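Descriptive analysis of the structure
Okay, here's what each chain looks like letter by letter:
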Number of protein chains: 2
Amino acid sequence: MTSDFEAQLRRVPLRVTRPRLAVLAALHEHPHSDTETVIALVRAQHPLVSHQTVYDVLRALTDAGLVRRIQPAGAVARYESRVGDNHHHLVCRTCGAIVDVDCAVGDAPCLTASDDHGFTVDEAEVVYWGSCPACATEHHHSDPPVRRKQ
Amino acid sequence: MTSDFEAQLRRVPLRVTRPRLAVLAALHEHPHSDTETVIALVRAQHPLVSHQTVYDVLRALTDAGLVRRIQPAGAVARYESRVGDNHHHLVCRTCGAIVDVDCAVGDAPCLTASDDHGFTVDEAEVVYWGSCPACATEHHHSDPPVRRKQ
DNA sequence: GGGTAAACTTGAACTATTCCAGATGAGTGG
DNA sequence: CCACTCATCTGGAATAGTTCAAGTTTACCC
């Protein structure tokens, strides 16, 4: 498990450090975590890791393609370690929950705009907005509002 | 033109004020503007309008459905007055330019996820990422990097 | 083991946005 | 047409997420 993450880092290549292994492990077990959550998870094992290091690591891993940054409108950045496919996300407007959803129509149609206006398109990102099962059933209570940036 | 915006506000209903008319006019002539740009456009006619008022107006108009907020990952919020259809956007990774694109497959398929995991989906947002014609041809120069938040 | 660039720590800075309290004014009813 | 009232606007301060910068440590190559 750990050696798997080590191999991922060496393949990129990036130096193998404790903070990077801890971030990869955290995202593997808690997909769609935001930075604050990743910091807490990393510090559970290595209390002395600085927040700046986690920001640096997340950027390095994202640039290297080992993790993917997702940022629904009005929310903080979240990260996931599932990369390489083109899957999309369901996002709950109420509680912010995110779940993966496979691309509905395979790869190709997802990249095809009706008129590309001369753009060179390399990715089509789809976000399905709605309510998760839990929030849909109790939307009349005093919902604790999600912290949103917007 | 101005009376058209006035009618829009009364229909919602929202009070008709100079800041609101100015924001609607600004977005009508400069779609996909960010807040800073809207503030500048409004102040061209009404120099004394505060930035907080523009933020308030944009929120009120968004909540009322007269404008739509769009916020590509890692960028500041932008606004447009084209509402009511479900069109999508092409976004240039280099310069941040945004252009509208009609929904490729009509309405219904756009709302259909391959597996909704129990979510109640009310909107499918599609962002096509790539390079605009200008940036695609000169991507080797020292591109002035776009100010991005991420 | 020693050298070196990459990575980490610490602490401050920055930016977009929001919060707050008080002043103003648009719409309504007299 | 005038007064009332609540929505709206002003001005200023605060917040949160993220980034910048300088100096120290450490992973990797020889």
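Our subject is the structure listed above.
The structure presented is a predicted model; accordingly, all values stated were derived computationally and were not measured.

1. Structural notes on the sheet that holds strand 3 (residues 78-80) of chain A
All names here are of chain A.
- Within the open sheet, the three strands sit side by side as 1-3-2. Their pairing is antiparallel. Looking at strand neighbours, the two that pair on one side only are strand 1 (33-34) and strand 2 (68-70), the edges of this open sheet.
- Pairing between strand 1 and strand 3: two bridges, direction antiparallel. What sits directly across from Asp34, in strand 3, is Arg78.

2. What about the interface of chain A and chain B?
- Of the residues lining the interface, 42 residues belong to chain A; the matching set on chain B comes to 42 residues.
- Together, the buried faces of chain A and chain B total about 3300 Å²; carbon and sulfur atoms form 53% of this surface.
- For the pair chain A and chain B, the number of links is four salt bridges.
- On the surface where chain A and chain B come into contact, there are 18 residue pairs in polar contact (both at pLDDT 80 or more).
- Of all the secondary structure elements, the ones that give two or more residues to the side of chain A that touches chain B are strand 4 (88-92), strand 5 (98-101), strand 6 (120-131) and helix 5 (133-137) of chain A.
- If one sorts the elements of the side of chain A that touches chain B by residue count, strand 6 of chain A sits on top with twelve residues.
- Here the residues of the side of chain A that touches chain B sort into 21 nonpolar, ten polar and eleven charged.
- As paired elements, strand 6 of chain A and strand 6 (residues 120-131) of chain B share eleven bridges and run antiparallel to each other.

What counts, and where the lines are drawn
Residues numbered from 1 in each chain as written. Chains lettered and ligands numbered in written order. Predicted model: local features only at pLDDT ≥ 70, side-chain atom pairs only at ≥ 80, totals over all residues. Heavy atoms only, no water. Pairing = 2+ DSSP bridges. Helix = DSSP H or I, 4+ residues; strand = E, 2+ residues; numbered from the N terminus. Contact = heavy atoms within 4.5 Å. Buried area = accessible area lost by both parts, 1.4 Å probe. Salt bridge = Lys/Arg side-chain N within 4 Å of Asp/Glu carboxyl O. Polar contact = N/O pair within 3.5 Å; in protein donor to acceptor, adjacent residues only side chain to side chain. Nonpolar A, V, L, I, M, F, W, Y, C, P; charged D, E, K, R; others polar.

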